[in-house]
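Overview (structure and organization)
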Amino acid sequence: MTWIKRIGFFLLTNILIMTTISIVTNILGYFGFGIQAFGVNLTQLIVFCLMWGMVGSFISLFLSKYMAKWSMGVKVIDPKKASSAEMEVYRRVQSLAQRAHLPMPEVGIYDSPEVNAFATGPSKSSSLVAVSTGLLNRMNAQELEGVLAHELSHVANGDMVTLTLIQGVVNSFAMFISRIIAMLIANSVKEEMAHMVRFLVTIVLDIVFSILGSIAVAYFSRAREFRADAGGAKLAGRESMISALEALRKVIDQPEDERGVALASLKISSNKGGFLSLFATHPPLEERILALRQIR
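Every chain begins its residue count from 1, and numbering advances along the sequence as written. Reporting of local features is limited, given that this is a predicted model, to residues whose pLDDT is at least 70; pairs of side-chain atoms are given and counted only at 80 or more, and all residues count toward the totals for whole chains, interfaces and linings. Values reported for side chains reflect all heavy atoms of the structure, with hydrogen atoms and water molecules removed beforehand.

**Looking at the overall build of the chain**
Of regular secondary structure, the chain possesses 9 helices and 6 strands. Burial here depends on accessible area, computed with a 1.4 Å probe over protein chains only, as a share of the maximum for the residue type. Under 20% is buried, over 50% is exposed, and the range in between is partly exposed. Split into buried and exposed, the 296 residues of the chain put 52% on the buried side. Considering only contacts within the chain whose residues lie at least 6 apart along the sequence, 71% involve residues at least 24 apart. Helix and strand labels come from DSSP, where a helix needs a run of H or I of at least four residues and a strand needs a run of E of at least two; each type is numbered from the N terminus. Contact definition: two residues touch when any of their heavy atoms are within 4.5 Å.

Here you go:
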C-alpha cells in the first residue's frame with residue numbers, strides 16, 4: 001500500500017463513519033434532533049453531535065486490539081510456548097516496558113513480508129505491540145530495539161486515546177456545523193422540500209467537513225510520531241532509533257501487506273511532501289531522522 005493509498009483510506013473511513021451516522025439517525029428519526037421547525041435548540045444539538053461524533057471513535061478504540069489480531073493474523077507470544085526467536089522479541093519488549101514503567105503489553109508477530117510494526121489498544125494496561133516477520137528478517141538487533149522502543153512510546157504517551165478524542169471532537173464539530181448550515185439552506189426552500197434538502201445538504205457537508213477535519217487529525221498524528229521517536233531514543237538510545245529509521249527508509253516503498261487496511265494509520269509509513277502531505281499520518285522519514293539528530 002503506497003502512502004497515497006493510506007491517505008485515501010484514512011479519509012474514506014471517516015467519511016463513511018460520518019455519512020453512516022447521518023443516514024442511521026435519519027432512519028431512526030433523530031436526524032433533526034435539536035432543530036425544531038428550523039429553530040435551533042443549541043444545547044440539544046450539541047449533546048446530540050457530541051454523542052454520535054464520539055461514539056464511533058470510542059467503539060473503534062475499544063475494539064482496536066481485537067481487530068488488529070483478527071485482521072493481521074497476529075500470533076500473541078506465550079512465553080511458556082515461545083520459540084527462541086519469539087522469546088527474543090518478547091524479552092526486548094519486556095525490558096523496554098520496564099524502563100518506560102509500563103505494564104507488560106501483549107507481544108505479537110504476524111506473518112508478512114512487509115517491514116512494519118504497530119502498537120494499539122484502549123489503554124496502557126491493555127495494549128498490543130506487533131511486528132511483522134518481514135521486519136524481524138530484515139532488521140538487526142539495534143534496529144529492532146529502536147522500532148520496539150518507538151511503539152512502546154506510543155503506548156506510554158497514550159496516543160491511541162488522545163487520537164480517539166481528537167477524532168471524536170472533529171466529527172462532533174463537523175456534524176454540528178453541517179446541520180446548522182443545512183438548516184439555514186432548508187429555510188430558503190419550500191416547506192415540502194425542506195426535509196429532503198436539509199438531509200442532502202447535511203450529507204454533503206458531513207463529507208466536506210470530514211475531509212477538512214482530517215487535516216487536523218493527521219497533523220496530530222504526525223506530531224505524535226516525532227514524540228514517539230524522541231521517547232524511543234530515550235528508551236533504546238538515539239542511535240538505535242536513527243538506525244531503525246534509516247533501515248526503514250531503504251524499504252519503505254516496497255509493497256505492503258494489504259490485510260488490515262484499517263490499521264494503516266498505526267503502521268510505520270512516510271510521505272513525499274506536497275499538498276497530500278496535509279493528510280499524511282506520518283512525517284517523511286528524512287524529517288524524523290533530522291529531528292532525532294538535533295536532540296541533545
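Next comes the rest of the write-up.
**Comments concerning the pairing of strand E4 (residues 106–110)**
With 4 of its 5 residues buried, E4 lies for the most part within the structure. Pairing of strand E3 (residues 75–76) with E4, which is carried by 2 bridges, proceeds in the antiparallel orientation. Paired with Val76 across the bridge in E4 is Gly108. Strand pairing is assigned whenever DSSP detects at least two bridges linking the two strands. The pairing of E4 with strand E6 (residues 126–132) spans 5 bridges and is parallel. What sits directly across from Tyr110, in E6, is Ser132.

**Topic: the pairing of strand E5 (residues 117–123)**
Burial analysis of E5 places 6 of its 7 residues in the buried class, the great majority of the element. As defined by bridge partners, E5 adjoins E6 across 5 bridges and the pair is classed as antiparallel. By the bridge assignment for E6, Thr120 is matched with Leu128. Taking the residues that link successive antiparallel strands as the turn, the E5-E6 hairpin has 2 residues.

**Some remarks on the packing of aromatic side chains**
Centre distance within 6.5 Å is the pairing criterion for rings of Phe, Tyr and Trp, where only the six-membered ring of Trp is used; planes under 30 degrees apart are then read as stacked, over 60 as edge-to-face, and the remainder as tilted. Scanning all chains against the criterion turns up 2 aromatic pairs. When the ring of Tyr110 is compared with that of Phe118, the centres are 5.8 Å apart and the planes differ by 40 degrees; the resulting orientation is tilted. Its relative accessible area of 0% is what places Tyr110 among the buried residues. Accessibility expressed as a relative area gives 0% for Phe118, which makes it buried.

**Topic: the pattern of salt bridges**
In the sections that follow, a salt bridge refers to a side-chain nitrogen of Lys or Arg positioned within 4 Å of a carboxyl oxygen of Asp or Glu. Overall, the coordinates contain 14 salt bridges when judged by the stated rule. Here Asp229 and Arg288 are joined by a salt bridge, their closest N and O atoms 2.8 Å apart. Placement of Asp229 in helix H7 (residues 191–236) and of Arg288 in helix H9 (residues 285–293) is noted, with a sequence separation of 59 residues between them. Per residue, the accessibility class of Asp229 equals that of Arg288, and both read buried. Where Glu286 meets Arg249, a salt bridge forms, and the shortest distance between an N and an O atom there is 3.9 Å.

**Observations regarding helix H3 (residues 84–99)**
Since one α-helical turn is 3.6 residues long, residues separated by three or four positions face the same way. What a helix is expected to span follows from its residue count: subtract one and scale by 1.5 Å. Compared with the 22 Å implied by 1.5 Å per residue over 16 residues, the 23 Å span of H3 between its first and last C-alpha is a close match. Buried within H3 are the following residues: Glu86, Met87, Val89, Tyr90, Arg92, Val93, Leu96 and Ala97. Looking at the packing, one finds that the buried side of H3 touches E3, E4, E6, helix H4 (133–138), helix H5 (141–156) and H7. The first or second residue beyond H3 is His101, which carries a positive phi of 55 degrees.

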